[in-house]
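# Per-entry structural report
Now for the letters of each chain:
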Amino acid sequence: MLRQTLHRLSESSTAERVITRAPISRHMVSRFVAGSTLAEALDVAEALNSAGLSVSLDYLGEAVSSREEVAQATGMAITCLEGIAERELSANVSLKPTQLGLALDEELCLQGVAAILERARALGDGEGEIFVRLDMESSDYVERTIVLVERLWEMGYRNVGTVLQSYLHRTPEDVERLNALGSRVRLVKGAYKEPEQVAYQDKAKVDEMFIREMEMLLRDGTYPAIATHDEAMIDAGRRYAFEHGIDKSSFEYQMLYGVRRDFQARLREEGYNVRVYVPFGDSWYPYLMRRLAERPANLMFMASSVMAESPLRKIASPLAIGVGAVAGAIGALSWRRNGR
Ligand SMILES: Cc1cc2nc3c(=O)[nH]c(=O)nc-3n(C[C@H](O)[C@H](O)[C@H](O)COP(=O)(O)OP(=O)(O)OC[C@H]3O[C@@H](n4cnc5c(N)ncnc54)[C@H](O)[C@@H]3O)c2cc1C
């Protein structure tokens, strides 16, 4: 129930206005968001690189409603690429297609992404072009995003790929489709609230499909990314690769900034490629709400860390921790009961 509420809140502009204006919000987001400026995100990327982790930078934002906003997001993606090249980072970028106008005008979006890919090509070092990942959004955009990748491939770009979500019924065919194309795929479980007509609702089924699709990608895909914090999925990937003689260098694990840093470090120590998804910018609201919906127990962490800085902490802190604990416990219970 709490997960559904958080998913609903992620789409509510009223809740967004209230929560983003609260003076405590910045503290709340800092666990999952690397900063509001590109310079801050590049600093974080540099630190992660020093620890042996590569990065995908994500300038936060979702569906836009004007051409000016598309131009601004396209410009920001190019500035990110330039920052990566200037600091010689081991990093690429992740982009939301609707932020680049997919819902507004598909041709405009295609042209914008092509301009970004052109710049990513030119800025690439001796090891190749900078890679650009198109994140996958809600099911309304899946077909359009895959077609976008296919059209970009027809135009000759090879430094672009997308994401597939194991909760969608259609994904096995999409894995085959993108394996045949040769583009890189990031596999995730899926972060949006989807109806049962298009998506599995049961966590066990989503996990089963994740393993099946991960194996298809490891076997026949091009440098796939296994993006999860789920130890069982990570272990299944490791086992499958080992048993089938698939080299560690031919795929990567990906995790979100601020989530399971212990796994990130451990996998790297074991010699796997690990990439951290690093979001930055001021439009953090829907992103943060999806992270809370994935793990409502995070509410407890947030409530306690927020109140630790509040001027009213002496009286409010125990109360907030109590409320957070209850919210977290309800969240964890409803999360387990309702599946993912
Ligand atoms: C690099 C990356 C890129 C992504 N890109 C997309 C995308 O383009 N489109 C899309 O729909 N989704 C995307 N996602 C989100 C994804 O779909 C899942 O919602 C998210 O990864 C949680 O699922 P999980 O595989 O970690 O497993 P779950 O079964 O949700 O969680 C397994 C375990 O991971 C830990 N965990 C999971 N989430 C959190 C969290 N938020 N905070 C703390 N601990 C947590 C918990 O310990 C939990 O027990 C991305 C995820 C990653 C890692």
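Check the entry above for the structure.
Residues numbered from 1 in each chain as written. Predicted model: local features only at pLDDT ≥ 70, side-chain atom pairs only at ≥ 80, totals over all residues. Heavy atoms only, no water.

## What about the packing of helix H7 (residues 142–154) against helix H8 (residues 171–181)?
Here H7 crosses H8 at 10°, and the two axes come no closer than 11 Å. Considering their axes alone, H7 and H8 lie roughly parallel with respect to each other. Here Val 142, Glu 143, Ile 146, Val 147, Val 149, Glu 150 and Trp 153 of H7 lie close against H8, whose contacting residues are Asp 174, Arg 177, Leu 178 and Leu 181. Looking at the contact of H7 with H8 residue by residue, the class counts come to 7 nonpolar, no polar and 4 charged. (Axes fitted to C-alpha atoms, helices over the stretch in contact; angles between N-to-C directions. Helix = DSSP H or I, 4+ residues; strand = E, 2+ residues; numbered from the N terminus. Parallel < 35°, antiparallel > 145°, perpendicular 65-115°, else oblique. Contact = heavy atoms within 4.5 Å. Nonpolar A, V, L, I, M, F, W, Y, C, P; charged D, E, K, R; others polar.)

## Re the site of the ligand
Taken together, the neighbourhood of the ligand is formed by 26 residues, with Met 136, Lys 189, Gly 190, Thr 228 and Glu 294 sitting nearest. Side-chain polar atom of Lys 203 to an oxygen atom of the ligand: 2.9 Å apart, as the coordinates give it. For the ligand, a nitrogen atom lies 3.3 Å from a polar atom in the backbone of Arg 291. When the free accessible area of the ligand is taken as 930 Å², the share hidden by the protein chains comes to 92%. (Near = heavy atom within 4 Å. Polar contact = N/O pair within 3.5 Å; in protein donor to acceptor, adjacent residues only side chain to side chain. Areas by Shrake-Rupley, 256 points an atom, 1.4 Å probe, with all protein chains shown as cover.)

## Comments concerning the pairing of strand E5 (residues 185–188)
Side chains of E5 alternate between two faces, with Val 185 and Leu 187 and Arg 186 and Val 188 buried alike. Both strand E4 (residues 160–165) and E5 contribute to a ladder of 4 bridges, which runs parallel. Note that in E5 the partner of Gln 165 across the bridge is Val 188. Where E5 meets strand E6 (residues 225–227), 2 bridges bridge the pair, whose relative direction is parallel. Bridge pairing in E6 links Leu 187 to Ile 226. (Buried < 20%, exposed > 50% of the residue type's maximum accessible area, 1.4 Å probe, protein only. Pairing = 2+ DSSP bridges.)

## Some points on the pairing of strand E1 (residues 54–59)
Of all 6 residues that make up E1, 5 are buried, and the element is covered over most of its length. In this structure, E1 lies alongside strand E2 (residues 91–95), joined through 4 bridges in parallel fashion. For Ser 56, the partnering residue across the bridge sits in E2 and is Asn 92. You can see the chain leave E1, run along helix H5 (residues 67–86) and come back into E2, and the turn it takes is right-handed. (Right-handed = clockwise from strand over helix to strand, strands pointing away.)

## Points about the side chain of Gln 99
Mapped onto the secondary structure, Gln 99 falls in the loop between E2 and helix H6 (106–123). Owing to a relative accessible area of 7%, Gln 99 belongs among the buried residues under this scheme. At 3.3 Å, the side chain of Gln 99 and the backbone oxygen of Tyr 59 are in polar contact. At 3.5 Å, the side chain of Gln 99 forms a polar contact with the backbone oxygen of Leu 60. Residues in contact with Gln 99, not counting those within four places in the same chain, are Tyr 59, Leu 60, Gly 61, Glu 62, Ala 63, Val 64, Glu 69, Val 70 and Ala 73.

## Section: the environment of Gly 271
Mapping Gly 271 onto the fold places it in the loop between helix H11 (261–269) and strand E8 (273–280). A relative accessible area of 37% means that Gly 271 is categorised as partly exposed. Residues Gly 271 and Gly 52, spaced 219 residues apart in sequence, show a C-alpha to C-alpha distance of 9.9 Å.

## Notes on the nonpolar core
By size, the foremost hydrophobic cluster in this structure holds 80 residues, and its most contacted members are Leu 57, Leu 152 and Val 278. If we ignore the near neighbours within four places in the chain, the residues touching Leu 152 are Leu 110, Val 113, Ala 114, Leu 117, Tyr 157 and Val 160. Membership of the second largest hydrophobic core comes to 15 residues, among which are Val 259, Trp 284, Leu 288 and Ala 293. (Core = buried A, V, L, I, M, F, W, Y, C linked by side-chain atoms within 4.5 Å.)

## Looking at the packing of aromatic side chains
Scanning the model with the defined rule gives 5 aromatic pairs in all. Taking the centre distance of 5.5 Å and the plane angle of 40° together, the rings of Tyr 59 and Phe 280 count as tilted. Of the two residues, Tyr 59 sits in strand E1 while Phe 280 sits in strand E8, which places them 221 residues apart along the sequence. For Phe 280, a relative accessible area of 0% puts it in the buried group. With a centroid separation of 5.5 Å and 75° between ring planes, the pair formed by Tyr 253 and Tyr 272 is classed as edge-to-face. Here Tyr 272 lies in the loop between H11 and E8 and Tyr 253 lies in strand E7 (residues 252–256), a separation of 19 residues in the sequence. Three or more aromatic residues joined by ring pairs form one cluster here, namely Phe 251, Tyr 253 and Tyr 272. Stacked on the ring of Tyr 272, the Lys or Arg Lys 248 has its end atom at 4.9 Å from the ring centre. The aromatic ring of Tyr 287 is capped on one face by Arg 291, whose charged end is 4.5 Å from the ring centroid. (Phe/Tyr/Trp six-rings, centres within 6.5 Å; stacked < 30°, edge-to-face > 60°. Lys NZ or Arg CZ within 6 Å of the ring centre and 35° of its normal.)

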